[in-house]
Amino acid sequence: VVMSCKDGSTTEEVVPVNPIFGHWKVINPNVEAHLLVRPDSTFHVDILAQEGIEAEGVATVESDSRITFVNTGGTDTVASNPVPGTYDFQITSDTLRFTVVSDTLSRRVGLLSAPWVPN
């Protein structure tokens, strides 16, 4: 990120890159879903196996291993429910795994309980 100073000079701020940022697909034979976690603290999830279920929202990375998802829009009442869901995450080799810390949305808990790989 390049920032301008009052004296006309510029400085560059280094924004840390977390390995969770990127496009992931779930490893689950019963569900086909994609998750995009962006460095601007937004996310998009698309459950391809159930046509028309998508959610967008804010994904706050709280540490190197904790993230909170808050849906800001979606295609149904569950996908658009803004209740936060907090998860610990770990990436081993190329596999992302979430562990629920607190979340009352059972669909999100079920979806994030499966392993994910880069898409």
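For the structure, check the block above.
Everything quoted here is computed from the prediction, not taken from an experiment.

The rules we used
- Residue positions within a chain follow its written sequence, with the count starting from 1.
- Totals for whole chains, interfaces and linings use all residues, but because this is a predicted model, local features are given only for residues with pLDDT of at least 70 and pairs of side-chain atoms are given and counted only at 80 or more.
- Only heavy atoms go into the side-chain values, all of them from the structure, while hydrogens and water stay out.
- Secondary structure elements follow DSSP: runs of H or I of four or more residues count as helices, runs of E of two or more count as strands, with numbering from the N terminus.
- Salt bridge, as used here, is a side-chain nitrogen of Lys or Arg placed within 4 Å of a carboxyl oxygen of Asp or Glu.
- Note on exposure labels: buried denotes an accessible area under 20% of the residue type's maximum, exposed denotes more than 50%, and partly exposed covers the range between, all computed with a 1.4 Å probe on protein chains only.

1. Structural notes on the environment of Asp94
Part 1 of the reasoning: If you trace the backbone, Asp94 turns up in the loop between β8 (85-92) and β9 (95-102).
Part 2 of the reasoning: When the C-alpha positions of Asp94 and Trp24 are compared, they lie 10.0 Å apart, and in sequence the two are 70 residues distant.

2. Side note on the pattern of salt bridges
Part 1 of the reasoning: Tallying each qualifying case throughout the model produces four salt bridges.
Part 2 of the reasoning: Measuring nitrogen to oxygen at the nearest pair gives 3.7 Å for the salt bridge that ties Glu56 to Arg38. Pair noted here: Glu56 is in strand β6 (residues 53-63) and Arg38 is in the loop between β4 (33-37) and β5 (42-47), with a separation of 18 residues, a long-range link.
Part 3 of the reasoning: Given a relative accessible area of 25%, Arg38 falls into the partly exposed group.
Part 4 of the reasoning: In this structure, Asp76 engages Arg107 in a salt bridge whose closest nitrogen and oxygen atoms are separated by 2.8 Å. You can see Asp76 sitting in the loop between β7 (66-74) and β8 and its partner Arg107 sitting in helix α1 (residues 106-112), a full 31 residues away along the chain.
Part 5 of the reasoning: The exposure class of Asp76 is partly exposed, given its relative accessible area of 25%.

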